[in-house]
Structures are given as C-alpha cells and as structure tokens.
Amino acid sequence: MPGLLTGSGDSSSLVPFSPEPSTPAVYPLHHGLKPPITPRLSISWSSGNSLRVSVFRSPETASTIGEEGEVGGKVIELKLSGEDVDGEVTDAARWRKIVYGSVSPFAHLQNKKNAMAAFSELRSSAPYNVEWSKYVLEYSKDINSLLGNNKSNPSSLIEDPRTVLKNVEEPSSLKAAWELLEIFYANKQSQSWIPEQLVDWLTDYDSLLSGKMPTVHSRLVEFQAQLINTQTVENEAAYWQAISSALSVGWLDIVVKLLRLHGSYQLNQLGTRETENGLVEAVAVLISKMPRMRADLPDGKLGECCYNKSDFMKAWEKWRAQITKLDCSAYWLQCSHHQTKENLKNLLQIMLGNINILSNATCHWVELYIAHFLYIRPFTSGLESMYVLAQKCIQLKPTSSPHKLMSLIIGILGENTEVILAECSKSFGPWMITHATELLTAGNIQAEILLKEERHNLGGISIEESHRLVYAQVLSSHALTWQIAPIYLISCMKHGVGLLEILLYKQPVYHSQVLLKNIEICRLYELDSVSANAMKIAGVHNWKHGKKGSGIFWLQQAGDEVRLNRIAQNLFDFVGKSISDESFEQWEGLIELMGTESKGGLEFLHKYRDFKKSLQQVQEGVVTDAARKAGESLILIMKNPSTPQRFWLPLLYDSMKLLTWQGAPLLNVSQSNLLLNKLQELSVARLRPDFVEVGLPPHALSSVRAALATNLGRAILEEC
Amino acid sequence: MATETLKQFHRLPQSTYIDALRFLPPLSAFDRYVVVGSFNSDTDETSIGIHAFNLTDAPTLTLQSSFTTSSRISSLKVTQKSLQNPLIAASTFAGSLHILFPNPIDASFESEVSIPEKTLHLGPISCLDLQENGSACVSVGEDGRVNLISVGDSGLDYRRVFDSKGLVSYTAARWASPTEFATGGLGNSLQWWDQRRPGGPVSQFKGNWAAGASSGIVHSIDIHPSRKHTCLAGGSYGTVFAWDLRRQQQPIILSGIGTSDTTSNISSSDVWEVQYDTFMTSSSHANISSERVLPVMICSEDGILAVVKQGEEPTEILAENCAINSFDIDRQNPSDVICSLEWESIAILTRA
C-alpha cells in the first residue's frame, strides 16, 4: 500500500498504522449429511466472496449409499461476510447505490480525459486547464450528490422558537471527506473563498466530530435539551456559553435566534428592561450584519456578502468600528442585568477576535481554526499560511486521538499527497481513493507525477492504477457489481485488460444469463477471443448436459470447427445401425441443427437421412412406390463420391429388404451391377491393412452379395 | 433517433435486484398495484411482492405483501382482464412454478398453488405465459419441453405438450388464443403451436440459425389480440421482427443488424422484452394501417427503452447507464410505464 511505511509505531511513519488483531470468524457448514463424514474437505474460491466447500462422506459407508438413497457428498457455497468498506456505510444496499451511481461520472470523466488527451496532442495548447477543471468540478458534484444530501427534513410550517438546531439527516463522514477534497482540489473558481467554505463545512459536519470529544454541536444539543425546562434563560450560564460557542464558529442564525429568546423580549418586561433589550437587539443586529467574503449565502444564513476583497475590507472596517463603538457605549451602565451585560460584552470580544475568549468558546482545534478565519485572520490564503495557522490551533487545543477527518485536513493543508492517499485508503476504503485521485491530480502536477508514475515495487504500475485494480477487485467479489468492474479495469493501462479477461473467464457462463452478460461485455471491449471461449465453454456444457441444441448453437456461434467436427463424426456412428424411431428423431434433429455447411461430410449425412427416411416409410406399409423411391435414393447415395467407403456395406445391409423385395425387383440390371461392383471394390479394400471393419454380423457381406445376385437374376428375367 | 418528452420520470432505488415486474390490473377503484419479483443479494432471499403504487410528484412503491420463493424469478405474468380477480404466475430458475391469488381488499396473498422444481422441466423454466382468463399457463425451458398447466379450482394440473429432448431450447412463450401459442428459441427461431393439432409445432420459422455469428436468441414474444396471425419477437443484437403466419418465410424486420437501410438499428445489444405499445396519441391513430406492424416498445441490455414503428425512425424514451431488464405498460393508463433497471432500481415514467 502506498503511504504505509514499514515499522508501524515508529515516529518516522507518515501515518500511524496498526494491523488490528482480528478474532477468527467461525462459519458453520450446513451440509445435511449423515455422519460419518471424512475429515477431508475440498475448499476452493467460488465467485466473489464465497467459498465452495465439498464435503465427502466416509468411503466405508459409500458402498451402502445405493440402498439408502443418500448422496455420497455435497458441495456447499459459503458466503463470507465481507469487511466493512467504510465503518459508517454498513448497509450493503446503500453502499451499492453509491457504487452504481459513481460509474457514470467516472466513465464520463475518463472519456473526456481521453478526448482531451487526443485533442491536445493535435494542438498542444493551454486552454486545457480551464476546461478540465470545469469537468472535474462537475464530476465532483455528481459524486457528492450520491453520498447523501444535507437538506433538512421538511419541518412543520410553524417553527418552534425553541428548536435551535435543525433536524437534519445524520451526515456521513464519507461525504464530509469528499467535500473537503472538493473544496481544496476541485473548486478552483472559489479558491479565494476557502475559509468561508470551511465555515460551511464545519456547520454541516461538526456533529461528526462529536464522537470522541465535545464539540460546539454537542454543546448546543445538550443546551437544547435543557431549554425546555428553563424559564429565564439569561440567568443560565449554559445559555450564554451556547451563544458564544455558536458565534465563535459562525453559526450566526443560531446565535440570533438564541438571543431573541432573551427574557427582555417578553412583552411584560419591555417597560422595565428597555435598555437591556435594546443592547441585546443591537448585538443581534450587528451579528446578522457581519461581512462575509463570499459570493452568496444559502437561505436562512446571516451576514452581508462581499464579492471582492476591497469591498470586504471596507465593510469589515466599518463593521469593526461599529462593534467598538457599541463596546464603548454609555448604555452599558444603564443595563441592570449583570449577566446580560457581561456576556454581551463577551460576544463583542469574540467579534473583535479576542483569542482567549475564542479559545474558551470552542471545543477542538478545527473550531478554533474556523474562529480564526472568521474573526482574527479573515484574509488567510495560501495553503502554507493555512497550514501554519492550523499548527498553531492544534498547539492551543491538542487532541490525543484525532478524528479521521482532522487527519485528512492536516494532510491536505500539509500538501502531502501521500498522507492524503493513506488517510483516504485507511479510513474510507478503495472506493474513495479510486474516485478521489481524479480530484487530487486535477491541475496538480506534483500529485499527478506521484500518482501516475510507474513504480517498480508495484509491478510496474502506477499508484493510481493499483488503486483502481484494488477497487475493481472489490467490485468483482459481488454478484451484482462484477459487471461494473470492467469500466474501472479498462481505465488501467497496464494490467486492466489482462485482469478483465481473467474476470470474464471466472464467471459461471453455463448460466445463460451470465453468458449473455459476458458476451455483451466482450462486445463492448472487443474481446472477441474471450467471448468465443465463453461460448465454447457454454456449448460443451450444454452438450454434456443433454441440451444438444444449444450446445451446437453456441459452438457454431463460437466458430468452433474442431468440436463441431467431432460431433459430426459422432453422428456417423448411427449409419447402418438399426435404431429406434425415437433416437432416429434425435439424430435427424441433430443433423438438421448442424446445418448444410460442409463439415466432415455432413452432406452425406443429409443424403443418408433422406434415404433412411424413405426406408422407414417402406417398413411401415407395402407401398411399392415408396419402395421404388427408396431404391432410387440408395443408388444415388451409393453413386455419390462423397459417400465414405466404410458406409457402403452398412448401407446395403440396411436396405436388404429392398434387395429382396417380394414383388417385382426394385433395381434394374445396371443398378444391380453397380452395387455388385461396389461390393467387389469393398472386398478388395478389405485386404488393405488400414481398413476399418464396421460392427456388422460376419455374414453381412455374403448375405448382401447373395441378395444382390438374386435381384440381378430377377431383373434380367424382368427385362427379357 | 427521435426522443420522446416525458411528463414524469423517476428512478426509485431498491435494495434488491428486480428480476421482473408487472402492473396488476386494478384490484379496487382507487389503488394501483405493481407486482415485483426481487432478489436480495445480502440475504439470498427471493420473493414476489405486491407494492401499492402511488404516482404523485414523488411516486412511491409501498410493499403490501410478499411471498418467498426458493429461487430467483425467471418469468412473471399476470392476467390482464379487468373486472375479475387477477392471477399472478411466476416461474423460477430452479424450475418451480407458482400461481398466486391476491386478495382484492388488502392486496395480500390469499392463496398459492405451485408445482415443485424438477417436475415440469429439467433445470430452469425460461418463460411462462398465462392465458387471459387465467385458466391455463404454458411453460417452456432450455431442456426442450413445452408444458401446459391448467389452473383449476382443485389446483394445478400439467401436461407435457412436447419434448424435444434438448434438441430445441425454448426461451420465450406467448399465448395467441385459447388454443394457440407461440414459442421462440435459439437461432431466432419461432414455433407456432395449436392444441387441436398435437404432436409438434404447427408451423415454424427457422430464423437464421445457419447465419453463424449473427444468429441470435429470441428473448421475448408478444402477440396482439387483434392480430393473432402476427408474432412479434425481440432478441440478440437488437433484433426485433414480426413473423406473419400468412407470409411465413418473410419476417418483417423492425430493427437489427444486417438489415436493409430502411430499418434503423435501435440497439446492438440484447432486446430483453417486447410489447405492443398500447399508448397512442391522436396523430398516431391516423397512421395505423392493417398492413403495418403496430408500434412496439422494447427494452435492451444497453439501457434503451424505445418505441419502434415500421418504416419510421424509432423513438427513444429512456437511455439509461445500465441494462433495462424488463418493463410493463399499464393497460389501464397506457401512458405509464415501469421498468426494472439492472442497478437495483425501478424506473417509473409517464408519457406526455
């Protein structure tokens, strides 16, 4: 694995890696066989994540099998439960939904990439980058939308003023990680707004970080639970703490909402706490007017958007001046409620960027980091300075076991592609890393070199390819996703096609549905020889299992002359045998299926079939016309040079009753002579060492000769 | 290729692979139901379920009742006669056949009768078709057997009509009348059977078996009740053709490779299902002539759902990223179509 160094636990390793000791899983076998069972089991891999286990009964008992009617063994498929790809997306169906959905964005991007590569070869021009980043962003958005949406559940029309946090679907850290990558790598146009994007990111995903440590989100959840039982909120420390925490990470809408719960807003209080209420409202208004350096704000979020830096500067200065002015206002003296006064001033300090208060209000370093962007260094730009700032925040708020998203942030800020890859691979699995490499390499030459360079220690393939191969392997291990694997394999230059062929060969093509799928994939990727082999396998399988028709069909589709010839040779074995009507029907059907293409003298077989048919009609009745017809076809077939010599005798022996026809002789003098000559030729040929004797009774030749001689005699008499 | 505008289109992801689906004729005046044969790959469970189908802006399928089968569904049919209780017939890849009687009040399964595996066919039943009045069912298989199953009050009774002993493999079947049906198989072949003349097929269309690599398999057959002499078939390599019993040796090719320039090729993958398209706009009514093949809807392995008309450009309705395995047109509202997609989802669309 790239990014993993040997000697885990070593301080020099980039990413701490501990091979987790896992307890061995136990799978009971439900074979349903009566004991005793041999201690021998045959185990092999079946398709995907299943094992094929053959269980045998003891050989001693095998002899009694016949009587008991019990089988001697059984083959069982054992499905091994796979390891979770991602700790969160445990629901396999949901996971497959992501897998399916990511196919077309990925394939689309690969097509675009190939088209652009071909285009730039022609012109070698630069507009590549702008165009390309557009595609990458589109791709990233497509994938992002698959990972779930953060839209809040449709809430009731009447909003409960005491519900501070919106009831949203539990976000997934996979989506959180993807969005981080999107912010830093895909969204080139809003690069200058990265801090504000991070603010939004934390708004959506702070709850994910709550698992191991307290967060502003968890604080708010806690406070919301208390809120129902609280009468005068402004007397509670938790109320003010929730407000200052929310303010420090920029959740302005929540802050304003909380401030308006302040007791001084109540109608019966207005007369006595007018000034106090004015101060609360003033702070609330100031908060909602906070300048934000971004293009727009989603609905319900507060702040004033400034599109460019100079506008923002002016607004920022003005806003800060207003805060300072309020801070020094004389109205504070008239405010009798001590807690309100102190805490409102505290809020002003937060807005003025007081580091100590910010540090107290936030829970972990990412929150503090966001607070820095909002109130202390709104102009931070460039990964280097962002990284330095992050380091500073970590020092102020160290964590013992950082969350995987935190590690990812550090990796990104540190501009260390290997760390990012390792974090993605460790925490989010092969799907993430396969799809994320497209973002990492977008416009980043260093990362591109790192990922696309062919490596000796990876068997000559690049890191990118190795990840795709791993992902394709994961896809191949499931019956419903294996057909997606080719799309990823085909994007791998070195080993893709080879592994695709192996994948296709491993499919159980004797299931006709799988065979058709296989053929379709081969058609798409022009793997004609693979599909021909699959058809051959299916053909032989069907032939062996009695489905002669489809056996021949698939062999013909595969153009397998060798096996078709062997089948044709088998058909010759019927010649001269006395066969039942039923098997003749079978045989006739097979000849029909084999077609008329000249394969190993099939032409003869067709003639023989016609002859045999007319001969059968003769047997049924005593129609002389039919007998005469049969006689004619006998002469035709004997005359024909394509009739193999070895069938002469069987043919004649078959038609004995024609030769000894009760009524008039069926063959005339010249016809009888022709047949006698053939018989003579055969007698001579018999002396040759390479002559193959057909399985006929020893007297066959002499009785045919006698019959022919009799017929000749009768014919001569007739013609006289 | 022209594309058709859709009034509504939704993809409903399922957590199971959809092997087959059909609209159920209305059980009551207000409810619409869809019967779905599905396979859960996580639990290896296969079932036939009746889902209440609610076609709003955000359509939903709500499972009402389900019946577990021992193996995956290879073919699923329902009787299409309204005003009588519908019947569901399903065959499995293991070879069993099930007839289910849904309860018209709560869409539960009132009763079920079945024939176990290894009885009707050796191996899978590749296709079955149910007669319109639900009294009989024909089943075919790759083993070359053709069976007639009569559905009576006392249960199921079956009779072997023909056994080719593996020489001919049948992959599709469809009733034409109470006594006649058609089957299809390898080499784009079609057979016409008449129960009044037993012993074998009455007539055969040999197809292009000998054509080598371009020869294909018939996956689906449809016969229009008003034109029983024409057998519509769809199969490999985008082949869609109509076989007119009155002109037996000249099939009318609607789509497919190696055809003349006048027919365009809608797809080059397997056509999994063909059905006469009963949805007509007033303009298309005018174009119907008794000489022409009626409009046909097809779905294919490369994700195309389209309407093919003789002598016209095909109209593409959907182009999905994955295979469309089957579809069904609602007889009561022919503008509504449901499809099962390979990637564990059901598509629902309404044509404008």
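Presented here is a report on the structure given in the accompanying data block. Treat the numbers as computed from the prediction; the structure is a model and nothing was measured.

### Overview of the sheet that holds strand β24 (residues 296–300) of chain B
Two orientations exist for strands paired in a sheet by backbone hydrogen bonds: parallel and antiparallel. All names here are of chain B. Pairing within the open sheet is mixed, and its five strands lie in the order β1-β26-β25-β24-β23. Pairing within the sheet leaves two strands with one partner each, and these edge strands are β1 (2–3) and β23 (271–276). Judged from the four bridges that link them, β24 and strand β25 (residues 304–308) form a sheet pairing that is antiparallel. Directly across from V296, in β25, lies its bridge partner V308.

### Digging into helix α10 (residues 274–288) of chain A
In an α-helix there are 3.6 residues to a turn, and that puts residues three or four apart on one side. Residue and element names in this part refer to chain A. Over its 15 residues, α10 runs 21 Å from end to end, which matches the ideal 21 Å to within 8%, given 1.5 Å per residue. Where α10 is concerned, the buried positions are E276, N277, L279, V280, V283, A284, L286, I287 and S288. Looking at the packing, one finds that the buried side of α10 touches α8 (237–248), α9 (252–259), α11 (309–327), α12 (331–334) and α13 (338–352).

### A word on the interface of chain A and chain B
Every contact between the two is made by 36 residues of chain A and, on the other side, 36 residues of chain B. The interface formed by chain A and chain B contains five salt bridges. With a shortest N-O distance of 2.5 Å, R96(A) and E344(B) are connected by a salt bridge. Every element with two or more residues in the side of chain A that touches chain B is listed here: α3 (92–123), α23 (512–524), α25 (548–558) and α27 (581–594) of chain A. Here the side of chain A that touches chain B gets eight residues from one element, more than from any other, and that element is α25(A). Along the lines of polarity and charge, the residues of the side of chain A that touches chain B split into 12 nonpolar, 12 polar and 12 charged.

### Focus on the sheet that holds strand β18 (residues 203–205) of chain B
Residue and element names in this part refer to chain B. Reading across the sheet, the four strands line up as β15-β16-β17-β18 and stay open at both edges, with antiparallel pairing between neighbours. Because the sheet does not close on itself, it has two edges, and the strands there are β15 (170–175) and β18. With direction set aside, neighbouring strand axes in the sheet form an average angle of 20°. Inspection of the sheet shows strand β16 (residues 180–185) paired to strand β17 (residues 190–194) by five bridges, in the antiparallel sense. Its bridge partner lying in β17, A182 is registered against W192.

Conventions adopted
- Residues numbered from 1 in each chain as written.
- Chains lettered and ligands numbered in written order.
- Predicted model: local features only at pLDDT ≥ 70, side-chain atom pairs only at ≥ 80, totals over all residues.
- Heavy atoms only, no water.
- Pairing = 2+ DSSP bridges.
- Helix = DSSP H or I, 4+ residues; strand = E, 2+ residues; numbered from the N terminus.
- Expected span 1.5 Å × (residues − 1).
- Buried < 20%, exposed > 50% of the residue type's maximum accessible area, 1.4 Å probe, protein only.
- Contact = heavy atoms within 4.5 Å.
- Salt bridge = Lys/Arg side-chain N within 4 Å of Asp/Glu carboxyl O.
- Nonpolar A, V, L, I, M, F, W, Y, C, P; charged D, E, K, R; others polar.
- Axes fitted to C-alpha atoms, helices over the stretch in contact; angles between N-to-C directions.

The values reported here are purely geometric and, on their own, carry no functional implication.
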